[in-house]
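# Commentary on secondary and tertiary structure
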Amino acid sequence: MNAYIEEVLAKVKQRDAHEPEFLQTVEEVLKSLETVIDQHPEYQKAGLLERLTEPERVIEFRVTWTDDAGKVHVNRGYRVQFNSAIGPYKGGLRLHPSVNLSIIKFLGFEQIFKNSLTTLPIGGGKGGSDFDPKGKSDTEIMRFCQSFMTELQRYIGPDTDVPAGDIGVGGREIGYMYGQYKRLRNEHTGVLTGKGLNWGGSLTRTEATGYGLCYLTQEMLKCMKNDSFAGKTVVISGSGNVAIYATEKATQLGAKVVALSDSNGYIHDPDGIKLDVVKDIKEVRRGRIKEYVDAVPTATYTEGCSGIWTIPCDIALPCATQNEIDGASAEELVKNGCFAVAEGANMPSTPEAIAVYQRSGVLYAPAKAANAGGVATSALEMSQNSLRYSWSFEEVDAKLKGIMEGIFHACYDASKEYGEEGDLMAGANIAGFLKVCSAMLDQGVAY
Ligand code: NDP
């Protein structure tokens, strides 16, 4: 390995030894930059990799809230402002009991390159809390969100840092947080994205990550295999925002989606998932995916998540969470004929799973390229807020499609230019990295 990369990796491993998810993503990205670093000795001189792997700012804070019975709870809040070389920090907020600094740093680091790939002027950041929204009443969610924003508002702003949703944060949570920001700051600005349509939100933002995933996948299938979604069997994990709209678009493009999941188990409907049933369970009633079989008795429900990857499919779209496909699951997918994997979730494939895809010739679209449609549309929401104007659904959808196709070609071209033709993981890392590096070089170092 290139000596400079080795040195930086060793330092990160020593300093952040207790942050496994962060180390996993740093290792993946740095290892794929070898040729670039070899060709650009000026990056070492400018200490670029050391600077890139250290967040500009890490904010950690106490979030105190009271439940409906009057009991006081304390959660931990985070915002990692990772890199602002190309624009204000931008990235979602995750509410899930598993959230810790390692997870927020891994997501923030990925976000730098993803945002760069969108071609829009947004830097990388991420935040969240170990609060568990499951089973909480609306008023409990509201009190938590208000308390979280009471502290977070000190550090964010429409030209500084613009958070959005992620796991556990949808329109309801963004609404409560935005209401609190407005109350405290007395401004109606584009400080959050994913807002409601009648108070500054963008059409297509709800659909954007799932739709974008399918637009990029479609372009990959067309350009690398002269193929398409038409007639293909697709397995999608998760049943949240990304999974639902990936199911919708893949179906519109002629595929049959046969499985979805949540953290308890998965459903298999060989006749094709009825999305209206899923939307009613997840978006209206906030229920569990197993309720699907009550409405569609010909489908089956199985407890446990990883079994979903044993269902035969042509295309797999993991849309739940990190490290959900390990080496063994990837082997199962390949054995059953899967020839393309595109990631809606962030880092859903372990390094062992990626090695299986690469060894087996599976087309592989990594998360930072494949799920960039959400943040790209968030940036379009910021543009509309600045203009104090709204574009139509068709206008935003057309821009999203163009951006996703552009991302595929940027990744493919970079993979070709740096001698790894068709390796979209390397291409995404390289293309995202080069733009951020050149901005960092332009802006100098503080002496
Ligand atoms: P949601 O909260 O809407 O849905 C998450 C889904 O994944 C739920 O079905 C959830 O099940 C499941 N899930 C969560 N954690 C686990 C786990 N540990 N094991 C198994 N299943 C789990 O989130 P999103 O759809 O917004 O996000 C999904 C993924 O997409 C995340 O990786 C996120 O970072 C990524 N992403 C999201 C974007 C967006 O615009 N929303 C943009 C780019 C990436 P359960 O209900 O049981 O928890």
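The rules behind the values
Residues numbered from 1 in each chain as written. Predicted model: local features only at pLDDT ≥ 70, side-chain atom pairs only at ≥ 80, totals over all residues. Heavy atoms only, no water. Buried < 20%, exposed > 50% of the residue type's maximum accessible area, 1.4 Å probe, protein only. Helix = DSSP H or I, 4+ residues; strand = E, 2+ residues; numbered from the N terminus. Arc of directions from axis to C-beta. Contact = heavy atoms within 4.5 Å. Salt bridge = Lys/Arg side-chain N within 4 Å of Asp/Glu carboxyl O. Pairing = 2+ DSSP bridges. Axes fitted to C-alpha atoms, helices over the stretch in contact; angles between N-to-C directions. Near = heavy atom within 4 Å. Polar contact = N/O pair within 3.5 Å; in protein donor to acceptor, adjacent residues only side chain to side chain. Areas by Shrake-Rupley, 256 points an atom, 1.4 Å probe, with all protein chains shown as cover. Nonpolar A, V, L, I, M, F, W, Y, C, P; charged D, E, K, R; others polar. Disulfide = S-S within 2.5 Å. Parallel < 35°, antiparallel > 145°, perpendicular 65-115°, else oblique. Left-handed = near helix turned anticlockwise from the far one by under 90°.

### Quick word on helix 14 (residues 351-360)
- All buried positions along helix 14 are accounted for by Ala353, Ile354, Val356 and Tyr357. Mapping the buried residues of helix 14 onto a view down its axis gives an arc of 155°, with all of them on the same face.
- In this fold, the buried residues of helix 14 make contact with helix 2 (20-31), helix 13 (327-335), strand 11 (340-342), strand 12 (363-365) and helix 18 (424-443).
- The positive-phi residue at the C-terminal boundary of helix 14 is glycine 361, with phi of around 70°.

### Here we look at the pattern of salt bridges
- This structure, assessed with the given rule, holds 27 salt bridges.
- Across the pair aspartate 16 and lysine 105 runs a salt bridge, and its minimum N-O distance is 3.4 Å. Here the residue aspartate 16 occupies a position in the loop between helix 1 (3-15) and helix 2, and lysine 105 occupies one in helix 6 (residues 101-117), the gap between them amounting to 89 residues.
- For lysine 105, a relative accessible area of 4% gives the class buried.
- Connected via shared salt-bridge partners are Lys13, Glu27 and Lys31.

### Quick notes on the sheet that holds strand 7 (residues 256-261)
- Across the sheet, 7 strands lie side by side as 9-8-7-6-10-11-12; this open sheet has mixed pairing. With partners counted over all chains shown, the strands left at the sheet margins are strand 9 (300-303) and strand 12, one partner each. Adjacent strand axes in the sheet meet at a mean angle of 15°, parallel and antiparallel pairs treated alike.
- Alignment of strand 8 (residues 265-268) against strand 9, held across 4 bridges, turns out to be antiparallel. Within strand 9, the residue paired with tyrosine 266 across the bridge is threonine 302.
- Sheet strands in contact with helix 9 (residues 205-225) are strand 10 (315-317), strand 11 and strand 12, and its direction is about 145° off that of strand 12.

### Section: the site of the ligand
- Neighbouring the ligand are 25 residues; Asp166, Thr209, Ser263, Arg288 and Asn346 lie closest to it.
- Glycine 344 is positioned with one of its backbone polar atoms (N or O) 3.5 Å from an oxygen atom of the ligand.
- A distance of 2.8 Å separates an oxygen atom of the ligand from a polar atom in the side chain of asparagine 346.
- Relative to its free-state accessible area of 880 Å², the ligand is covered by the protein chains to the extent of 85%.
- Within the residue set of the shell around the ligand, elements represented by two or more residues are helix 9 and helix 10 (241-252).
- For the shell around the ligand, the residue count by class is 6 nonpolar, 13 polar and 6 charged.

### Notes on the state of the cysteines
- Under the counting rule described, the total for this entry stands at 0 disulfides.
- Sulfur of cysteine 214: no disulfide; nearest cysteine sulfur belongs to cysteine 319 and is 7.8 Å away.
- Residue cysteine 223 stays outside any disulfide, its sulfur separated by 12 Å from that of cysteine 411, the closest cysteine.

### Let's talk about the packing of helix 9 against helix 17 (residues 393-417)
- Contact geometry for helix 9 and helix 17: axes closest at 9 Å, N-to-C directions at 45°. By the angle between their directions, the pair helix 9 and helix 17 is classed as oblique. Here helix 9 and helix 17 pass one another in a crossing that is right-handed. Residue-level contacts link Glu207, Ala208, Tyr211, Gly212, Tyr215, Leu216, Gln218, Glu219, Met220, Cys223 and Met224 of helix 9 to Phe393, Asp397, Leu400, Lys401, Met404, Glu405, Ile407, Phe408, His409 and Tyr412 of helix 17.
- Partitioning the contact of helix 9 with helix 17 into residue classes produces 13 nonpolar, 3 polar and 5 charged.

### Overview of the environment of methionine 142
- Mapped onto the fold, methionine 142 is located in helix 7 (residues 138-152).
- For methionine 142, a relative accessible area of 28% corresponds to the partly exposed category.
- Separated by 33 residues in the primary sequence, methionine 142 and glycine 175 place their C-alpha atoms 9.0 Å from one another.

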